[in-house]
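# A look at the structure
Spelled out, the chains give:
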2 protein chains.
Amino acid sequence: MDKNNLILAGSTIAIASMLLLAHSESGQAEVKKGLTANPVVKEKGVESRNEEWAKYYPREYDSWKNTKKNDKIDDQLKKNPQLAVLWAGYAFAKDYNAPRGHFYAVQDVTNSLRTGAPIDAVTGPLPTACWSCKSPDVPRVMEEVGELEYFTGKWAKYGQEIVNPIGCADCHDSKTAELTLTRPYLKKGLEATGVKLDNVSTQEMRTFVCAQCHSEYYFKKTEWTDKDGTAKTAMVVKFPWDNGLSVEDMEKYYDDIAFSDWTHQISKTPMLKAQHPDYEMFTKGIHARRGLACADCHMPTIQEGSDKYSSHHIQSPLDDVANTCLNCHQETEAEFREVVEIKLAKKEQLAKFAMDNLAKAHLEAGEAWRLGAKEEEMKDILQDIRHGQWKWDMAVAGHGSFFHAPDETLRLLSVANEQGQTARIKLVKVLAKYGAIDYVAPDFSTKEKAQALAEVEMIKLINEKDKFKGSLLQEWNKQAVEKGILNLDSRKGMSDNTSYGTQDGKDKDKK
Amino acid sequence: MDKNNLILAGSTIAIASMLLLAHSESGQAEVKKGLTANPVVKEKGVESRNEEWAKYYPREYDSWKNTKKNDKIDDQLKKNPQLAVLWAGYAFAKDYNAPRGHFYAVQDVTNSLRTGAPIDAVTGPLPTACWSCKSPDVPRVMEEVGELEYFTGKWAKYGQEIVNPIGCADCHDSKTAELTLTRPYLKKGLEATGVKLDNVSTQEMRTFVCAQCHSEYYFKKTEWTDKDGTAKTAMVVKFPWDNGLSVEDMEKYYDDIAFSDWTHQISKTPMLKAQHPDYEMFTKGIHARRGLACADCHMPTIQEGSDKYSSHHIQSPLDDVANTCLNCHQETEAEFREVVEIKLAKKEQLAKFAMDNLAKAHLEAGEAWRLGAKEEEMKDILQDIRHGQWKWDMAVAGHGSFFHAPDETLRLLSVANEQGQTARIKLVKVLAKYGAIDYVAPDFSTKEKAQALAEVEMIKLINEKDKFKGSLLQEWNKQAVEKGILNLDSRKGMSDNTSYGTQDGKDKDKK
């Protein structure tokens, strides 16, 4: 290095130092003071109120609050009416919307027709487990009452406890603010796949905290005895990962334990329901191979002035292509979106094949049963339907499966359709035997028609739900406020935005 | 720029200049003298002998000659016996190998059982058009006799004329050495898609010269009158691109003109045969979107000493990953190959579904006909089979379709299977009507079994071919040598490597 260069280097350091000094006295630095001072949000236990975290992490909190903007009710049963047939006999046939922002997690689960209209703490239909992914109150309650007690009882048991939507304490330790795993079922699931939990990198944690909820699960019936010696039955969330994370691995797991989420109301098939298997599908795609974590695309780094922080406005990268996808995909946003559109159209085409054929298979099987088909004639057919629908569901039930693993998604949809069609070929033979060779499955081209086939009584369900919302739900919120775990201000400006879509073809919109 | 930097810059220029001077006096520069002097390989007409070009372009010629190394006979009928059923009644059911190097183009077409065993210039089975992609003698003959005369008559008509394998004059002008389009059907095809031929870039030409042969085509029956007033019928190569380059566009084109390559021997379906649609599939993939040309991946730049040239050892980039794929895909070769393997396995799975179901559909349709099914009962079914097999064939008939457009390939295979399965569901109903509801398609799990279903008489075909090779083929070569268009030295070391695989399960290998 010659003399001139030395002088230049010296100047640079001097200027940088001055800038740093200036910065440390600025208002912006104040904002981060908490962080530098290593603030403790709560010394012991879980701080489930997101507003409490806001005091120390205002930028992260503000960005999290932006998930409020993702408030559109996007009725998937209306978009793809086949769904109501595919899920006949299961709660998803009643109500299924595209996901909204984390801010709405609690409202969505209470509003959903799937959770029904309990009238007290012990009425159903669903178990406590249905809260598990909705709130940082879940790890708080688990810590307070124990995991098995948490998983015992009906969903309504914790209405007055679980009141804050997915937020800070779902992923961060309330004392150290470090990323942490708050859900025991994720720990058990990862261990089953060979992950050593005492040796997890930060980059891995940036995926694992999301995988706590964005994974396929089932409820494992678990008998246990509480400290008073009372025999109880818990429905414990478990991830089906013992054989591995591929769709076929999980299918084998469920087959081996003869598990089904429900028996299909029309075809009598012992069904599996895939639910948000984002993590599993992500592991099968190129982004995971390249070492990316969920947060890399869903929580881009934001620069405000000289401050940098991770955006907690978690959303589809497609809603912020410039700050996410284009970091690696070096092309214009217009070109990028065009490529995405072309890819997506292929997925939509294959998904429609699978949905149509599987829905027809259910209806044809229903007709076969009605005509007197025997168990042994139907067994293989139902297995084809079970496996086909499982693959289709795994391909589409994730929030962004197609982007996480495009070619795996296309493969799964193709296999799903192959299995659905195979069932249908066999069904023609059974139907022929019972004199119905020309049976044609009824029309399911609208939500109303499809829900009628699934015998979903929307008006009744909506009326019951309204009653629940006017009574028990109000009581829950009141108790939570009294207990000091819910700050009603945190819900300010949140409309009771629902749109169930009634059977008479008119939406019941309340805004 | 300070003084020191100026001195350094000056030194760099001086050193570079010295290196350049040294280079211009080196032996390596001699090699390129021809190029610099703008050599004329042939002043007028087409120089079809590749060895003549070698005098001026020794490095390019040597690399081209390396295509001799790609000599493996890879029997696809053995690998996927379904093929013989899918192509029953068509020459491909007799013999179909994976492509070998350009060096073998003429040997492959004369050896193939598909071209049969003509005994003179007017015996079939195939038309002259079957030479069109095999040799630079094709543009030479076209220039000499005219396009329509070239396309008139049987394949055997030009056995003594078309003797040099795919080489220099297929893509280069013999006088200027510039890239040039020597096949009129490519020009017409491109114009139909809106390409202005007077405004083609060099980069486009690096694709178009390949597209001359690596495209889907059919033979258009064309009546014409020669200069002596004789009425003749030509079978002219035409690309089905009038509606566009998508598989559905081409399907519509063929449907609209009610074209079929052949009528399926078992199912009586009016079939389409896709043949090496590399260009079309390439246009549907990301590599084309990114502006790549065929030559970018199949003809990498080679540096020998200080000379750079384009490799004419045209092959799969997978045979030279380090110099091709990895130029853009920045990862290790091992990692790259692993990703490719994972992707390829998905394609194989979906291709097998489509092949199996389409083959079964043919056999089930055959049984329906045998039992007395009526035209109007079968019409829709045959249309499903036609469209399904077309899509499968377009997905796999290219040399590297899956790499050219992976997601389009998966989509096509999935649609192909959907259409094959749809045909099969309808076929159960027809078979039931004729008392054969439990009909199960016969086993086609080996080449021998599948060829038996297609009534291919391998021993007879091989014996006839051997006779042809011992007589007429020898005569062709003799005449070509006498005429001065074939240099037998150019075939030195080329074994008569064939492996037809006979029906008794033993290969008839001759090496």
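Described in the following lines is the structure provided in the data block. Please read these numbers as outputs of a predicted model, since none were measured by experiment.

Take the overall build of chain A next. Within chain A, the secondary structure is distributed over 24 helices and eight strands. Relative to its length of 511 residues, chain A is compact, with a C-alpha radius of gyration of 25 Å against a globular reference of 24 Å. Within the span of chain A, comprising 511 residues, buried residues form 52% of the whole. Considering only residue pairs separated by 6 or more positions, chain A has 72% of its internal contacts joining residues 24 or more positions apart. Accessible surface, chain A: about 23,000 Å² in total, of which carbon and sulfur atoms supply 54%. Between the centroid of the 69 positive side chains of chain A and the centroid of its 77 negative side chains there is a distance of 2 Å.

We now examine the interface of chain A and chain B. Each partner contributes to the interface: chain A provides 34 residues, whereas chain B provides 34 residues. Note on chain A versus chain B: buried area summed over both sides is about 3,000 Å², and carbon and sulfur give 53% of it. Our enumeration of links across chain A and chain B arrives at 23 residue pairs in polar contact (both at pLDDT 80 or more). Secondary-structure elements contributing two or more residues to the side of chain A that touches chain B are helix 16 (286–289), helix 18 (333–370) and helix 21 (406–433) of chain A.

With that settled, the discussion passes to the environment of G101 of chain A. Residue and element names in this part refer to chain A. Turning to its location among the elements, G101 is positioned in the loop between helix 7 (82–86) and helix 8 (105–111). Among the residues examined, G101 registers a relative accessible area of 5% and is labelled buried. In this structure, the C-alpha to C-alpha distance between G101 and K68, residues 33 residues apart in sequence, is 5.9 Å. Aside from chain neighbours lying at most four places away, what touches G101 is T67 and N70.

Residue and element names in this part refer to chain A. Enumeration according to the criterion identifies 79 salt bridges over all chains in this entry. Here R59 ties to E304 by a salt bridge, and the two come within 2.4 Å at their closest N and O atoms. Here E304 lies in strand 5 (residues 301–304) and R59 lies in helix 5 (residues 58–65), a separation of 245 residues in the sequence. Of the residues examined, R59 reaches a relative accessible area of 16% and is grouped as buried.

Among the nonpolar cores identified, the biggest contains 212 residues, and W87 and W392 of chain A together with W87, W131 and W392 of chain B are the most heavily contacted of them. Discounting chain neighbours no more than four positions away, the residues touching W87 of chain B are L77, F92, A93, Y96, W262, H264, K273, Q389, W392 and D393 of chain B. Formed by seven residues, the second largest nonpolar core is a distinct cluster that contains V46, W53, Y57 and C168 of chain A.

Across the junction of G124 of chain A and P125 of chain A, the peptide omega takes the value 10°, indicating a cis bond. With respect to the helices, strands and loops of the structure, P125 of chain A is situated in the loop between helix 8 and helix 9 (137–145). Although it is not a glycine, A177 of chain A adopts a positive phi angle of roughly 70°. Tracing the backbone shows A177 of chain A in the loop between helix 11 (168–171) and helix 12 (184–192). One non-glycine residue, H276 of chain B, lies in positive phi territory at about 30°.

Attention shifts here to the relation of the copies chain A and chain B. The two copies are related by a screw motion: chain A maps onto chain B through a turn of 180° and a shift of 0.0 Å along the axis, at an RMSD of 0.0 Å. As the rotation angle and translation indicate, the two copies are arranged about a two-fold axis. Take the interface residues of chain A: 100% of them recur as interface residues in chain B, which is what a same-surface contact looks like.

Each value, and the rule that gives it
Residues numbered from 1 in each chain as written. Chains lettered and ligands numbered in written order. Predicted model: local features only at pLDDT ≥ 70, side-chain atom pairs only at ≥ 80, totals over all residues. Heavy atoms only, no water. Helix = DSSP H or I, 4+ residues; strand = E, 2+ residues; numbered from the N terminus. Rg over C-alpha atoms; globule rule 2.2 N^0.38 Å. Buried < 20%, exposed > 50% of the residue type's maximum accessible area, 1.4 Å probe, protein only. Contact = heavy atoms within 4.5 Å. Areas by Shrake-Rupley, 256 points an atom, 1.4 Å probe, with all protein chains shown as cover. Lys, Arg positive; Asp, Glu negative; His and termini not counted. Charge placed at Lys NZ, Arg CZ, Asp CG, Glu CD. Buried area = accessible area lost by both parts, 1.4 Å probe. Polar contact = N/O pair within 3.5 Å; in protein donor to acceptor, adjacent residues only side chain to side chain. Salt bridge = Lys/Arg side-chain N within 4 Å of Asp/Glu carboxyl O. Core = buried A, V, L, I, M, F, W, Y, C linked by side-chain atoms within 4.5 Å. Least-squares fit on C-alpha atoms with pLDDT ≥ 70 in both.

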